[in-house]
Amino acid sequence: MTGAPSLISAWRDHLRVNRRRSEHTVRAYVATAERLVGFVQEHRGMAVDATLLATLTPADLRAYLAFRRGDGLGNASAARELSAVRGFLSFVAGEGGEIPRLKGPRVKKGVPRPVSPDEAIALAEDASEHAREPWIGARNWAVLMLLYGAGLRIGEAMALTGSVLPLGETMSVTGKRNKTRMVPILPQVRDAIEAYVAQCPYAPSRDAPLFRGARGGPLSAALIRRAVQGARGRLGLSDRTTPHALRHSFATHLLGRGADLRALQELLGHASLSSTQIYTAVDAAHLLDVYRNAHPRA
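Calculation rules
Residues numbered from 1 in each chain as written. Predicted model: local features only at pLDDT ≥ 70, side-chain atom pairs only at ≥ 80, totals over all residues. Heavy atoms only, no water. 1 Å grid on protein atoms, 1.4 Å probe; cavity = no way out; pocket = protein on both sides within 12 Å on 5 of 7 lines; lining within 4 Å. Points joined across faces, edges and corners; volume = space filled by probe spheres on them. Helix = DSSP H or I, 4+ residues; strand = E, 2+ residues; numbered from the N terminus. Nonpolar A, V, L, I, M, F, W, Y, C, P; charged D, E, K, R; others polar. Salt bridge = Lys/Arg side-chain N within 4 Å of Asp/Glu carboxyl O. Buried < 20%, exposed > 50% of the residue type's maximum accessible area, 1.4 Å probe, protein only. Axes fitted to C-alpha atoms, helices over the stretch in contact; angles between N-to-C directions. Parallel < 35°, antiparallel > 145°, perpendicular 65-115°, else oblique. Contact = heavy atoms within 4.5 Å. pLDDT = per-residue confidence, 0-100. Pairing = 2+ DSSP bridges. Expected span 1.5 Å × (residues − 1). Arc of directions from axis to C-beta.

Caption draft 1: Local environment of the layout of surface pockets. In this model, the second largest pocket occupies a volume close to 740 Å³. What lines the second largest pocket is a set of 23 residues, among which Arg153, Ile154, Gly155, Glu156 and Lys176 lie closest to the centre. Secondary structure elements with two or more residues in the lining of the second largest pocket: helix 8 (154–158), strand 1 (170–174), helix 10 (221–235) and helix 11 (243–256). With 4 residues, helix 8 is the single largest residue contributor to the lining of the second largest pocket. The class makeup of the residues in the lining of the second largest pocket is 9 nonpolar, 10 polar and 4 charged.

Caption draft 2: Structural view of the pattern of salt bridges. For the structure on display, the rule yields 7 salt bridges. Of the charged contacts, one joins Asp239 and Arg232 as a salt bridge, the two residues approaching to 3.9 Å between their closest N and O atoms. Exposure remark for Asp239: the relative accessible area of 62% places this residue in the exposed category. When its relative accessible area of 14% is taken as the criterion, Arg232 is described as buried. In this structure, a network of salt bridges that share partners links the residues Arg35, Arg68 and Glu81.

Caption draft 3: Fine view of the packing of helix 7 (residues 134–150) against helix 10. Running from amino to carboxyl end, helix 7 crosses helix 10 at an angle of 90°, the nearest separation of the two axes being 11 Å. As far as their axial angle goes, helix 10 and helix 7 are roughly perpendicular. Between helix 7 and helix 10, the contacting residues are Asn140, Val143 and Leu144 on the first element and Ile224, Ala227 and Val228 on the second. Each residue belonging to the contact of helix 7 with helix 10 can be placed in one class, and the counts come to 5 nonpolar, 1 polar and no charged.

Caption draft 4: A look at the confidence of the model for the protein chain. Per-residue pLDDT for the protein chain averages 80, and the proportion of residues at 70 or more is 78%. The spread of mean pLDDT over the elements of the protein chain runs between helix 13 (residues 273–294), the lowest at 53, and helix 9 (residues 187–199), the highest at 92.

Caption draft 5: How the structure looks around the side chain of Arg232. Take Arg232: it is sitting in helix 10. If near-sequence neighbours (up to four positions away) are discounted, Arg232 is found in contact with Leu123, Leu237, Ser238, Asp239, Thr241 and Thr242.

Caption draft 6: Broad picture of the pairing of strand 2 (residues 180–184). Only one face of strand 2 is buried, namely the one carrying Arg181 and Val183, since none of Thr180, Met182 and Pro184 on the opposite face is buried. Two elements, strand 1 and strand 2, share 5 bridges in a ladder whose sense is antiparallel. Counterpart to Val173 in the pairing with strand 2 is Arg181. Hairpin connection of strand 1 to strand 2: 5 residues between the antiparallel strands, including Arg177 at a positive phi of 60°.

Caption draft 7: View of helix 1 (residues 4–18). For helix 1, with 15 residues, the first-to-last C-alpha span of 20 Å sits near the 21 Å given by 1.5 Å per residue. Buried within helix 1 we find Ala4, Leu7, Ile8, Trp11, His14 and Leu15. For helix 1, the angular spread of buried residues about the axis comes to 120°, placing them on one side. Facing away from the buried side of helix 1 by more than 90 degrees, the exposed set consists of Pro5 and Val17. Of the residues trailing helix 1, Arg20 is marked for its positive phi of about 50°.

In structure tokens:
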């Protein structure tokens, strides 16, 4: 029998090495496993090991979710928690092992709301203009132009190194699960990055982060989110106007101009087409907004 600490340690290694999950995902999944083990120990009144976890029933998982609901979890968070629990129990059970079946809470899929091209540019300009130093302003402008102009996730932008320099017409980007893809770089985006590099007081290096913090270390995504939060407040934009909304806008605007879903899937780095198909709903929602605002009878 394997004790809980060993199981959780093995689960962490499995996520990192075999599943190649991001550190953020590893922390979240391991934290869920630790919560489950703590709950089961209290619920069953005995030390938790692989044998005990194999005896869990749907009623046990319902009790666990009810316990987590007490922490204020909504449907979406509860569904993610249940998914992480299933993954952990499946890992413990091994190949051919069975885990308790439990239907997760129904989650209404929200449609991402894109920002208009004018709003995207205004947001980036404001985040640049209100930076405390000119080179930091150039950095903010370059990052936000990269998110909107190339559809990168903010984590992908933060992970870029000086190896992407000098910039050409495309850039190699490493996304989720270490999957690499090529994205086209618009001249405006290339100009923004080159202007930042020219002003940055820290010389670029192939192995060092492309985007730097004020003291020269890796730039934190939280700083970009904070800059966007300040800009959207000054511009009176919606709370939904986030760095990730710029990626949504990239996808929506391409789709609206006739981009093929398969090509869009490659550009966004989605593992499956179903992840990309949400943007057909986004585009329809955007068209409906235009109709309502423009049609005299709407």
